[in-house]
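The lines below spell out each chain.
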Amino acid sequence: MTDKLAELERQCARRIAELAGLKELEQLRLDMLGKKGELTTLLKSLGSASPEERPALGRLVNSARENIEKMLEAAKAGIQTRETADRLSAERIDVTKPGKAPQFGAKHPMTTVLDSLKDIFVGMGYSIAEGPEIETPYYNFDSLNISATHPARSEQDTFYFANGDSLRTSTSPMQVHIMEAGQLPVRAICPGRVYRRDEVDATHAPVFHQLEGIVVDKGVTMGDLKGTLELFAKELFGSGTKVRFRPHYFPFTEPSAEMDVSCFVCGGQGCRVCKHEGFIEILGCGMIHPRVLEMSGIDPVVYSGFAFGMGLERISMQRFGISDLRLLHENDVRFLKQF
Ligand code: DAH
């Protein structure tokens, strides 16, 4: 018995030397002292010893148990100290190291342009309104004098919902929402996202941004439209900018025009950027069609108004000399950092 106990203590000491952590230590404790452990098995075998021998043997087993318990106790303390030391060294912070500078972003070129547009128009007394990106066919088309068979409907094919509603194809439905609200006179700009079923290329994307403008008051004329938009162009592109209005057709304005600005690269001489035209088209505009006023509950005999709509991507590309619209949407910081 003495031999067996001594061997058990040696075995325990050997396993302690190889312990990896507290989990293995617990396993060792169970192997030694647990209900089915080695020592318990030895203790049980005392049953076969003679009554005279038993007390002495019992004392031996108990003293071995105490030794083993002390060894396990000491091993536990050792492992805990080691683990604490390991953690402290792993989590150590060198406060003398140079800091990591945070990465600063910059305003997106379109945000910069939108901010200037807001400044320019708010400076002229306009308010800023935003509205829904999902519209009924009435708001997206009919209320803008685009009838069911009008070709503009197929040109502005978009994304539809099962109930016939669609993502708006322009910010022009905002004209109608504003007029229906009935707070006249009104001067407002409405920036926002618009959607068309367009393939992605250097000048097209299925999601892009427009800014709509609307003015309704008594006695508003085409002269007001021209003066306002010329001032806007000079503010945004520089005081030397020249503008040109070309007659055009939009179903919801009459008369309608497109406004060009003198090329920001060549100043009107003609170059590659303006395709040797000297001018670049930047927006559509016109006097709000009397029928559109009427449908929105405004008497066209008393009131008149003008509207304009521009693509923010296109304006930003012109303003910053960006040649591919996709760059504006990819959000590559290497590109965006240049502005
Ligand atoms: N809605 C037109 C488009 O998406 C742009 C436009 C043209 C808006 C003329 C207007 C306007 O307000 O008067 O192409």
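Structure's up top.
From a predicted model like this one, the values you see are computed outputs, not experimental measurements.

Caption draft 1: Summary view of helix α9 (residues 222–237). The end-to-end C-alpha distance of α9 is 22 Å, a good match for the 22 Å that 16 residues give at a rise of 1.5 Å each. Those residues of α9 lying buried are Leu225, Thr228, Leu229, Phe232, Ala233, Leu236 and Phe237. Buried residues in α9, looked at end-on, bunch into an arc of 135 degrees, giving them a common side. Packing partners of the buried residues in α9 comprise α5 (109–123), β6 (243–250), β7 (253–262), β8 (279–288), β9 (304–311) and α11 (312–320). Its side-chain oxygen 3.1 Å from the backbone nitrogen of Gly223, Thr221 forms the N-cap of α9. Residue Gly238 follows α9 closely and has a positive phi angle near 115 degrees.

Caption draft 2: Focus on the pattern of salt bridges. Tallying each qualifying case throughout the model produces 17 salt bridges. Salt-bridge contacts for Arg244 lead to Asp260; the nearest nitrogen and oxygen are separated by 3.0 Å. A residue pair is termed long-range when its members are at least 10 positions apart, and Arg244 in strand β6 and Asp260 in strand β7 qualify at 16 residues. The class of Arg244 is partly exposed, set by a relative accessible area of 27%. Judged by relative accessible area, Asp260 falls into the buried class, the value being 2%. Residues joined in a network through salt bridges with shared partners are Arg244, Arg246, Glu258, Asp260 and Glu277.

Caption draft 3: Representation of the site of the ligand within the structure. In the region of the ligand, 15 residues are neighbours, and Ser172, Gln175, Arg196, Gln210 and Glu212 sit closest. Within the backbone of Ala307, an N or O atom sits 3.1 Å from an oxygen atom of the ligand. Contact between the ligand and Phe308: an oxygen atom at 3.3 Å from a main-chain N or O atom of the residue. Against a free-state accessible area of 360 Å², the protein chains account for coverage of 90% of the ligand. For the shell around the ligand, the secondary-structure elements that each account for two or more residues are β5 (207–217), β8 and β9.

Caption draft 4: Summary view of the pairing of β7. Judged by how many residues are buried, β7 sits mostly within the fold: 8 of 10 residues are covered. By the bridge criterion, 7 bridges tie β6 to β7 in an arrangement that is antiparallel. Note that in β7 the partner of Arg246 across the bridge is Glu258. In this antiparallel pair of consecutive strands, β6 and β7, the connection spans 2 residues.

Caption draft 5: Structural context of the pairing of β5. Counting buried positions over the 11 residues of β5 gives 8, a clear majority of the element. The sheet contact formed by strand β4 (residues 186–195) and β5 spans 10 bridges and is antiparallel. For Val194, the partnering residue across the bridge sits in β5 and is Phe208. Relative to β9, β5 runs antiparallel, the two being bridged by 8 bridges. Residue pairing for β9: Val215 is matched across the bridge by Phe306.

Caption draft 6: Structural context of the packing of aromatic side chains. Applying the stated criterion across every chain, the model contains 8 aromatic pairs. Seen in terms of ring centroids, Phe121 and Tyr126 are 5.1 Å apart; in terms of plane orientation they differ by 65 degrees. Their pairing is edge-to-face. Judged by relative accessible area, which is 6%, Tyr126 ranks as buried. Centre to centre, the rings of Phe320 and Phe339 are 5.2 Å apart; their planes meet at 70 degrees, and the pair counts as edge-to-face. Remark: Phe339 occurs in the segment after α13 (333–336) and Phe320 occurs in helix α11; sequence separation between them is 19 residues. Residue classification places Phe320 among the partly exposed residues on the basis of a relative accessible area of 26%. Taken together, the ring pairs connect Phe121, Tyr126, Phe232, Phe306 and Phe308 into an aromatic cluster. If you follow Arg319 out to its NZ or CZ, it ends over the ring of Phe320, 5.2 Å from the centre.

Each value, and the rule that gives it
In every chain, residue numbers begin from 1 and rise along the written sequence. In keeping with the predicted nature of the model, local features appear solely for residues at pLDDT of at least 70, side-chain atom pairs appear and are counted solely at 80 or more, and the whole-chain, interface and lining totals rest on all residues. In computing side-chain values, all of the structure's heavy atoms are included and hydrogens and water are not. Only DSSP runs of H or I covering at least 4 residues are called helices, and only runs of E covering at least 2 are called strands; the numbering of each starts at the N terminus. A helix is expected to span 1.5 Å for every residue after the first. Only protein chains enter the accessibility calculation, which uses a 1.4 Å probe; a residue whose area is less than 20% of its type maximum is buried, one above 50% is exposed, and one in between is partly exposed. Arc definition: directions from the helix axis to the C-beta atoms. Note on contacts: a residue pair is in contact if any heavy atoms of the two residues lie within 4.5 Å. Polar contact is the term for a pair of N or O atoms within 3.5 Å; when the atoms are in protein, one must be able to donate a hydrogen and the other to accept it, and sequence-neighboring residues count only if both atoms are side-chain atoms. Here a salt bridge means any side-chain nitrogen of Lys or Arg lying within 4 Å of a carboxyl oxygen belonging to Asp or Glu. Only a single heavy atom is needed: when it lies within 4 Å of a molecule or strand, its residue is near that molecule or strand. Here the accessible surface of atoms and residues is derived via Shrake-Rupley with a 1.4 Å probe, and residues count as covered only by protein chains that are part of the display. Two strands make a pair as long as DSSP finds a minimum of two bridges between them. For Phe, Tyr and Trp, where Trp contributes only its six-membered ring, two rings pair if their centres lie within 6.5 Å, and the inter-plane angle classes them as stacked under 30 degrees, edge-to-face over 60, or tilted in between. By definition, being over a ring means that NZ of Lys or CZ of Arg is both within 6 Å of the ring centre and within 35 degrees of the ring normal.

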